[in-house]
Amino acid sequence: MPRSRARHSQPQGVSAQWVRRLAAVLFAAAGVALIALANTWRGIEATISGHSIALLTGQTTIAVPARHLMILYKDAAVHSVFVLTTECSVAYLLAAVFICGAPLMLLRALSPWRTLTGVAVAVAILILVNVVRLTAIGTSVSVWGIDPGLEIAHTYFGSVLTVVGTCAAGVAFAAVLIGRRRARPEIG
């Protein structure tokens, strides 16, 4: 039997199996927690987006995480109020990444480090793209007003960002999992 096959057919150590199982349980638990705490996650997204809108526009933006609100001011007056709905959040997409990553952690053919890295990269991309999307919507409304700012940013730009960001997260996840592996030197 060739050496590369012999390495993969050897039984895995008990400690390695235990670590993989624990990681799979933690991934699944993180996914379930994101589903259960989706409202809290939306509050976090509102807070981060509110800060980034204020940085870009120079206008006061107040986030109310408990109500999933962002209040945009123009000078001293309230310009607009946004409610982040369930559809505005990536909580369920993040939950799906964690839950789908759980069984992948159990596959001996995949490195647990690659699986962990793939999940981390996908999660980071999804969060970043959603914050950019929410920031673009708020900034667009601040600059152009509700009409046409909301329609341009939410309907068109936001939709494109959501699709592109979700695809980018999936491609990055897959690229990390199946990416080119360094050849290991043969011993013997």
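Preceding this paragraph is the structure being described.
An account of the accompanying structure is given in this report. Here the structure is a predicted model, which is why all the values come from computation and not from measurement.

### Looking at the overall build of the protein
Part 1: Helix and strand counts for the protein come out as six helices and three strands.
Part 2: Its helices and strands in sequence order give the protein the pattern α-α-α-β-β-β-α-α-α, from N to C terminus.
Part 3: As presented, the protein carries roughly 11,300 Å² of accessible surface, and 69% of it is formed by carbon and sulfur atoms.

### What about the pairing of strand E3 (residues 77-83)?
Part 1: Where strand E2 (residues 69-74) and E3 come together, six bridges link them in antiparallel fashion. Along E3, the bridge assignment pairs Met 70 with Phe 82.
Part 2: Counting the residues between successive antiparallel strands, the hairpin from E2 to E3 contains two residues, one of them, Asp 75, with a positive phi of roughly 60 degrees.

### Some remarks on the nonpolar core
Part 1: Core analysis: the largest hydrophobic core is formed by 22 residues, its most contacted members being Leu 94 and Val 119.
Part 2: Looking at this core, the elements with two or more residues in it are helix H2 (14-36), helix H3 (38-57), helix H4 (91-106), helix H5 (112-144) and helix H6 (146-178).
Part 3: Residues in contact with Leu 94, not counting those within four places in the same chain, are Leu 34, Trp 41, Val 123, Leu 126 and Ile 127.
Part 4: Formed by 11 residues, the second largest nonpolar core is a distinct cluster that contains Leu 72, Leu 84, Ile 137 and Val 141.

### Things to note about the layout of surface pockets
Part 1: Each pocket or cavity is described by its volume, and for the second largest pocket that value is around 210 Å³.
Part 2: Glu 87, Ser 89, Asn 130, Arg 133 and Thr 162 are the residues nearest the centre of the second largest pocket, which is lined by 18 residues in total.
Part 3: Counting residues per element, the ones that place at least two in the lining of the second largest pocket are H4, H5 and H6.
Part 4: Among the elements that take part in the lining of the second largest pocket, H6 stands out by supplying seven residues, more than any other.

### Brief notes about the sheet that holds E2
Part 1: Strand order in the open sheet made by the three strands is E1-E2-E3, with antiparallel pairing throughout. With partners counted over all chains shown, the strands left at the sheet margins are strand E1 (61-64) and E3, one partner each. Neighbour-to-neighbour, the strand axes of the sheet open up by a mean angle of 20 degrees, direction not taken into account.
Part 2: On the sheet, H3 packs against E1 and E2 and is oriented at approximately 15 degrees with respect to E2.

### Considering unusual backbone geometry
Part 1: One non-glycine residue, His 68, adopts positive backbone phi at about 60 degrees.
Part 2: Under the relative-accessibility criterion, His 68 is labelled buried at 11%.

### Digging into the packing of H3 against H5
Part 1: As a packed pair, H3 and H5 sit with axes 8 Å apart at the nearest point and diverge in direction by 50 degrees. Viewed along their axes, H3 and H5 adopt a mutual orientation that is oblique. For the element pair H3 and H5, the recorded crossing hand is right-handed. Along its contact with H3, which presents Trp 41, Glu 45, Ile 48, Ser 49, Ser 52, Ile 53, Leu 56 and Thr 57, the element H5 presents Ile 127, Asn 130, Val 131, Leu 134, Thr 135, Gly 138, Thr 139 and Ser 142.
Part 2: Looking at the contact of H3 with H5, its residues break down into seven nonpolar, eight polar and one charged.

### With respect to empty space enclosed by the protein
Part 1: Tallied over the entire structure, the rule returns one cavity of 30 Å³ or more.
Part 2: As for the largest cavity, its lining consists of Trp 41, Ile 44, Glu 45, Ile 48, Ile 127 and Val 131.
Part 3: For the lining of the largest cavity, the secondary structure elements donating two or more residues are H3 and H5.
Part 4: Of all the elements, H3 adds the most residues to the lining of the largest cavity, at four residues.
Part 5: Grouping the amino acids of the lining of the largest cavity by side-chain chemistry returns five nonpolar, no polar and one charged.

Parameters and conventions
- Residues numbered from 1 in each chain as written.
- Predicted model: local features only at pLDDT ≥ 70, side-chain atom pairs only at ≥ 80, totals over all residues.
- Heavy atoms only, no water.
- Helix = DSSP H or I, 4+ residues; strand = E, 2+ residues; numbered from the N terminus.
- Areas by Shrake-Rupley, 256 points an atom, 1.4 Å probe, with all protein chains shown as cover.
- Pairing = 2+ DSSP bridges.
- Core = buried A, V, L, I, M, F, W, Y, C linked by side-chain atoms within 4.5 Å.
- Buried < 20%, exposed > 50% of the residue type's maximum accessible area, 1.4 Å probe, protein only.
- Contact = heavy atoms within 4.5 Å.
- 1 Å grid on protein atoms, 1.4 Å probe; cavity = no way out; pocket = protein on both sides within 12 Å on 5 of 7 lines; lining within 4 Å.
- Points joined across faces, edges and corners; volume = space filled by probe spheres on them.
- Axes fitted to C-alpha atoms, helices over the stretch in contact; angles between N-to-C directions.
- Parallel < 35°, antiparallel > 145°, perpendicular 65-115°, else oblique.
- Left-handed = near helix turned anticlockwise from the far one by under 90°.
- Nonpolar A, V, L, I, M, F, W, Y, C, P; charged D, E, K, R; others polar.

Just geometry here; none of it tells us what the structure is for.
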